[in-house]
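Single-letter residue listing:
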Amino acid sequence: MPKIVDHDERRASIAAAAAMVIADDGVEGTTMKAIASRAGVTTGAVTHYFADKDQIILAALLHADEALHARIDASITRGRSMVDALLDTLPNDVASRRDWLVWRAFERAAVRSQPLQVQYRQSMALWLDAATEAIVERATCTPDEARLDAELVVAVVDSIADAAAIDPESWPVKRQRALLEHCIGRVRAF
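All figures in this text were calculated on a predicted structure; none of them were measured in a lab.

(A) Representation of the overall build of the protein. Secondary structure summary: the protein contains nine helices and zero strands in total. Each helix and strand of the protein, placed in order from N terminus to C terminus, yields the pattern α-α-α-α-α-α-α-α-α. Taken over the C-alpha atoms alone, the protein extends approximately 60 × 35 × 35 Å along its principal axes. Out of the 190 residues belonging to the protein, those deemed buried represent 44%. Contacts in the protein between residues at least 24 apart in sequence constitute 60% of all its contacts with a sequence separation of at least 6. Summed over all atoms, the accessible surface of the protein reaches about 10400 Å², with 56% contributed by carbon and sulfur. Of the side chains in the protein, 22 bear a positive and 28 a negative charge, and the two mean positions are spaced by 4 Å.

(B) Layout of the nonpolar core. Of all hydrophobic cores here, the largest spans 58 residues; its most connected members are Leu86, Leu90 and Leu180. Looking at this core element by element, the count peaks at nine residues for helix 8 (residues 143–166). Discounting residues that sit within four places of it in the chain, Leu86 has contacts with Ile72, Val153, Val157, Leu180 and Ile184.

(C) Highlighting the environment of Asp162. The topology assignment puts Asp162 in helix 8. Note: C-alpha distance between Asp162 and Thr77 (85 residues apart in sequence) is 26 Å.

(D) Broad picture of the packing of helix 4 (residues 53–77) against helix 7 (residues 114–138). Relative to each other, helix 4 and helix 7 sit at 5°, their axes nearing to 11 Å. Comparing their axes, helix 7 and helix 4 come out roughly parallel. Together, Asp54, Ile57, Leu58, Leu61, Leu62, Asp65, Leu68, His69 and Ile72 of helix 4 and Leu116, Gln119, Ser123, Leu126 and Trp127 of helix 7 make up the contact between the two elements. Considering only residue class, the contact of helix 4 with helix 7 consists of nine nonpolar, three polar and two charged.

(E) Representation of the pattern of salt bridges. Under the counting rule described, the total for this entry stands at 14 salt bridges. Across the salt bridge formed by Asp162 and Arg104, the nearest N and O atoms sit 2.2 Å from each other. In this pair, Asp162 sits in helix 8 while Arg104 sits in helix 6 (residues 94–110), placing the two residues 58 residues apart along the sequence. A salt bridge links Glu151 to Arg147; its shortest N-O distance comes to 4.0 Å. Of this pair, Glu151 and Arg147 both sit in helix 8, four residues apart, which is roughly one turn of the helix.

(F) Representation of the packing of aromatic side chains. Tallied over the entire structure, the rule returns three aromatic pairs. Measuring from ring centre to ring centre gives 5.6 Å for Trp103 and Phe106, while their planes differ by 35°; the resulting arrangement is tilted. Highlighted residues: Trp103 and Phe106, both in helix 6, separated by three residues, approximately one helical turn. This pair shows no difference in class: Trp103 is buried, exactly as Phe106 is. Ring centres of Trp103 and Tyr120 lie 5.7 Å apart, and the angle between their planes is 25°; on these two criteria the pair is classed as stacked. Here the residue Trp103 occupies a position in helix 6, and Tyr120 occupies one in helix 7, the gap between them amounting to 17 residues. Taken together through their ring pairs, the aromatic side chains of Trp103, Phe106 and Tyr120 make up a single cluster. The ring of Trp171 carries the charged tip of Arg175 above its face, separated from the ring centre by 3.7 Å.

(G) How the structure looks around the side chain of Arg104. Among the residues examined, Arg104 registers a relative accessible area of 12% and is labelled buried. At a separation of 3.2 Å, a polar atom in the side chain of Arg104 contacts the main-chain carbonyl oxygen of Asp158. When residues no more than four places from it in sequence are discounted, the contact partners of Arg104 are Asp158 and Asp162.

What counts, and where the lines are drawn
Residues numbered from 1 in each chain as written. Predicted model: local features only at pLDDT ≥ 70, side-chain atom pairs only at ≥ 80, totals over all residues. Heavy atoms only, no water. Helix = DSSP H or I, 4+ residues; strand = E, 2+ residues; numbered from the N terminus. Buried < 20%, exposed > 50% of the residue type's maximum accessible area, 1.4 Å probe, protein only. Contact = heavy atoms within 4.5 Å. Areas by Shrake-Rupley, 256 points an atom, 1.4 Å probe, with all protein chains shown as cover. Lys, Arg positive; Asp, Glu negative; His and termini not counted. Charge placed at Lys NZ, Arg CZ, Asp CG, Glu CD. Core = buried A, V, L, I, M, F, W, Y, C linked by side-chain atoms within 4.5 Å. Axes fitted to C-alpha atoms, helices over the stretch in contact; angles between N-to-C directions. Parallel < 35°, antiparallel > 145°, perpendicular 65-115°, else oblique. Nonpolar A, V, L, I, M, F, W, Y, C, P; charged D, E, K, R; others polar. Salt bridge = Lys/Arg side-chain N within 4 Å of Asp/Glu carboxyl O. Phe/Tyr/Trp six-rings, centres within 6.5 Å; stacked < 30°, edge-to-face > 60°. Lys NZ or Arg CZ within 6 Å of the ring centre and 35° of its normal. Polar contact = N/O pair within 3.5 Å; in protein donor to acceptor, adjacent residues only side chain to side chain.

In structure tokens, the structure reads:
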């Protein structure tokens, strides 16, 4: 009797494996063989689910992006402060560090790929819309001011993430928290 395969699950597991390889080796060092090895499948299985490297990069990004959104949504649902919710997305453990490394690798790859640029814009719009919404809920400012505040907060989070992903010893959670609190203290809405 043939083995029944859940194709969505298999595709997701290959995307997760691709995220790990991209985080470890960068986009340039990522090969179908390395992804297949990490996923525990053949290279034929990888190419069955993904036609080319851009599709795998995109799937890895969506996997990492989904994990980042899940962490911030869980924090907000638990009633944590905005600073704590943002800290939960920053690279403070193996999984979140991997997600940020994948995001950065994706940004570099998007420079040369129109489909990846489209996804980059969509992902950034989602982050900015969520941040703007959070600010509007707490603010006494115009929607345009809330959007500018959201862009400032997202830029600071991105900068902290870059530094913490590259040099985690110099960017412990305490330092990240202090900078986020300082930034958010300067933003009208918080």
